[in-house]
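Structure at a glance
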Amino acid sequence: MFKNSLTIIKVSGIPIRLHISFLLILPFFAFAIGNNITEIAHMAQVPPDSLALNPYWLGLIIAIFLFISVAMHELSHSLAARSRGIGIKDITLMLLGGVAQLEEDSMPPRDEAIMAIAGPLFSLILGLSLLFILRPLTFDINPDLSLIVYYLGYINIFLALFNLLPAFPSDGGRILRSLIASKTSHLRATQIATFIGKTFAFFFGFVGLLYGQILLVLIAFFIYISANQEYKINQLRDAFSDFTVADLMSEEVIAVKQDITIQELLELMIKEKHTGYPVINEEGELIGCVTMEDTDKIEIKDKERQSIKEIMTCEVITAKPDEPLFDAFIKMSKADIGRLVVMEQGEMVGILTRSDIMKAYKLKSIQQKSMN
Ligand SMILES: [Zn+2]
């Protein structure tokens, strides 16, 4: 889902990916920790001059382990989700922590709460174990190691507590939403949780600006944007919930044969005022799609003679007539395409475009007006 990221490792079949923003923040953290190493040493009760490693090397080691901790935090969410029967596509480590990408976009409140608590719970246990079990063992071994273990323990506990703040869509915010959702509707619960999330975002932003804490301002920004996004998705989910693909698709499907020329296609587009068509072969089977964008894709030397077979997109994303409209919408958004071919028992029965989907949104508000 996130572009500009690459898979580094797979844990229990879940790919862990690094986002490019993450590579930028790592040296920043290493530098910031290195700069504050004397204060950290004082906090850890390690005499600063007993440290053997260069402060920035220490910073880098801590930063790397910090991100491993974040990855394990996300992994805990993912494994908890899997234990509730929800599939996980991947985990992406980004600028500000990680994002676990679920295969489903909605889940029962109870499952959401279990999944949300798993991450902070893991961070808390890890932090406490580092501080109170592992650290006493390091006292006599090595001051550098002692400092690293101390700081990682401390920061994991911070991570747990920070994530538990009800600043939706943080973990705490998700727990809060699932609590509210068990009393009212999912949409209403999201509305309330987003409002609280945004209030936190403003508060963090204000404090961050006041004290010149750039990281806090970034976090505030991130919370605000994600809260907004989450809310919009839920609004759409609610608007679409009464509809299936069959309700809004157009049944009149104009399919084009693979051997018509690009010129013929362009003329058809003007005549029918549609910019995309399914492509069929001689036997009438669906083999691809061709859209306006495809005509720009390659250099067309001879549009009178070149057939659309050369420019069409072969991967066709389909939907079923009885599929919930929201699922079709998510399919379209993920693939970043404008239309789905609706298939039933191997037959093309309709076309669903983005504007068809948006009609559902209008219909829903008309429905609400007529009821009031
Ligand atoms: Zn989390």
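Residues numbered from 1 in each chain as written. Predicted model: local features only at pLDDT ≥ 70, side-chain atom pairs only at ≥ 80, totals over all residues.

**Notes on the sheet that holds strand S6 (residues 276-280)**
With respect to topology, three strands assemble into an open sheet ordered S5-S6-S7, the strand pairing being mixed. With one partner strand each, in any of the chains shown, strand S5 (256-257) and strand S7 (286-291) form the two edges of the open sheet. Where S5 lies against S6, two bridges are found, and the strand directions are parallel. When the bridges of S6 are listed, Lys257 appears paired with Ile280. (Pairing = 2+ DSSP bridges. Helix = DSSP H or I, 4+ residues; strand = E, 2+ residues; numbered from the N terminus.)

**A few points about the confidence of the model for the chain**
Chain-level statistics for the chain give a pLDDT mean of 84 and a share of 94% at 70 or above. Confidence, expressed as mean pLDDT per element, reaches its minimum in the chain at strand S4 (residues 97-102) with 58 and its maximum at helix H5 (residues 143-164) with 92. (pLDDT = per-residue confidence, 0-100.)

**Structural notes on the environment of Ile357**
Of note, Ile357 is situated in helix H13 (residues 354-371). In this structure Ile357 comes out as buried when scored by C-beta crowding, with 24 C-beta atoms within 10 Å. For Ile357 and Leu236, which are 121 residues apart along the polypeptide, the C-alpha to C-alpha distance reads 10 Å. The residues touching Ile357, leaving out its near neighbours within four places in the chain, are Leu248, Leu325, Phe329 and Leu352. (Buried ≥ 20, exposed ≤ 12 C-beta atoms within 10 Å, placed from the backbone. Contact = placed C-beta atoms within 7 Å.)

**A word on the sheet that holds strand S9 (residues 339-344)**
An order of S8-S9-S10 is seen for the three strands of this open sheet, with the pairing classed as mixed. Of all the strands in the sheet, just strand S8 (318-319) and strand S10 (347-353) have a single pairing partner and so form its edges. As paired elements, S8 and S9 share two bridges and run parallel to each other. Bridged to Thr318 within S9 is Val341. Its contacts with the sheet place helix H12 (residues 325-335) against S8, S9 and S10, and it is angled at close to 130° to S9. (Axes fitted to C-alpha atoms, helices over the stretch in contact; angles between N-to-C directions.)

**Observations regarding the domain arrangement of the chain**
Partitioning the chain into domains gives domain 1 (5-240) and domain 2 (245-371). The class makeup of the residues in the side of domain 1 that touches domain 2 is three nonpolar, no polar and two charged. (Domains from an automatic or database assignment. Nonpolar A, V, L, I, M, F, W, Y, C, P; charged D, E, K, R; others polar.)

**Digging into the packing of helix H4 (residues 109-138) against helix H6 (residues 171-181)**
For the pair H4 and H6, interaxial distance at closest approach is 8 Å and the crossing angle is 160°. Taken together, the axis directions place H4 and H6 in an arrangement best described as roughly antiparallel. Where H4 crosses over H6, the two elements pack in a sense that is left-handed. Residues Pro109, Arg110, Glu112, Ala113, Ala116, Ile117, Gly119 and Pro120 of H4 touch H6, and the partners they reach there are Asp171, Arg174, Ile175, Ser178 and Ala181. (Parallel < 35°, antiparallel > 145°, perpendicular 65-115°, else oblique. Left-handed = near helix turned anticlockwise from the far one by under 90°.)

**Some remarks on the nonpolar core**
Soluble, globular proteins show a tendency: their nonpolar side chains are buried together. By size, the foremost hydrophobic cluster in this structure holds 54 residues, and its most contacted members are Leu147, Tyr151 and Ile223. The greatest single-element share of this core, amounting to ten residues, is contributed by H5. Setting aside its immediate chain neighbours within four residues, Ile223 contacts Ala167, Ser170, Gly197, Phe200, Ala201 and Phe204. Formed by 18 residues, the second largest nonpolar core is a distinct cluster that contains Val245, Ala328, Ile357 and Ala360. (Core = buried A, V, L, I, M, F, W, Y, C linked by C-beta atoms within 7 Å.)

**Comments concerning the pairing of strand S1 (residues 5-11)**
In terms of burial, S1 is a largely surface element, zero of the seven residues being buried. For S1 and strand S2 (residues 14-19), the ladder comprises six bridges, and the chain directions are antiparallel. Note that in S2 the partner of Thr7 across the bridge is Arg17. Linking two consecutive strands that pair antiparallel, namely S1 and S2, is a turn of two residues; a positive phi of about 45° is found at Ser12 within it.

**Quick notes on unusual backbone geometry**
The omega torsion of the bond from Phe168 to Pro169 falls at 5°, within 30 degrees of zero and hence cis. Looking at the element boundaries, Pro169 is found in the loop between H5 and H6. Here Gln45, not a glycine, exhibits a phi torsion of approximately 55°, which is positive. Considering the arrangement of structural elements, one finds Gln45 in the loop between helix H2 (37-43) and helix H3 (55-83).

**Here we look at the pairing of S9**
Both faces of the sheet carry side chains from a regular strand, because those side chains alternate between them. Regarding topology, H12 serves as the crossover connection from S8 to the parallel S9, and that connection is right-handed. Note: S9 against S10, six bridges, orientation antiparallel. The residue of S10 that forms the bridge with Arg339 is Thr353. Between S9 and S10, which pair antiparallel one after the other, the connecting turn spans two residues, and Gln345 there sits at a positive phi close to 45°. (Right-handed = clockwise from strand over helix to strand, strands pointing away.)

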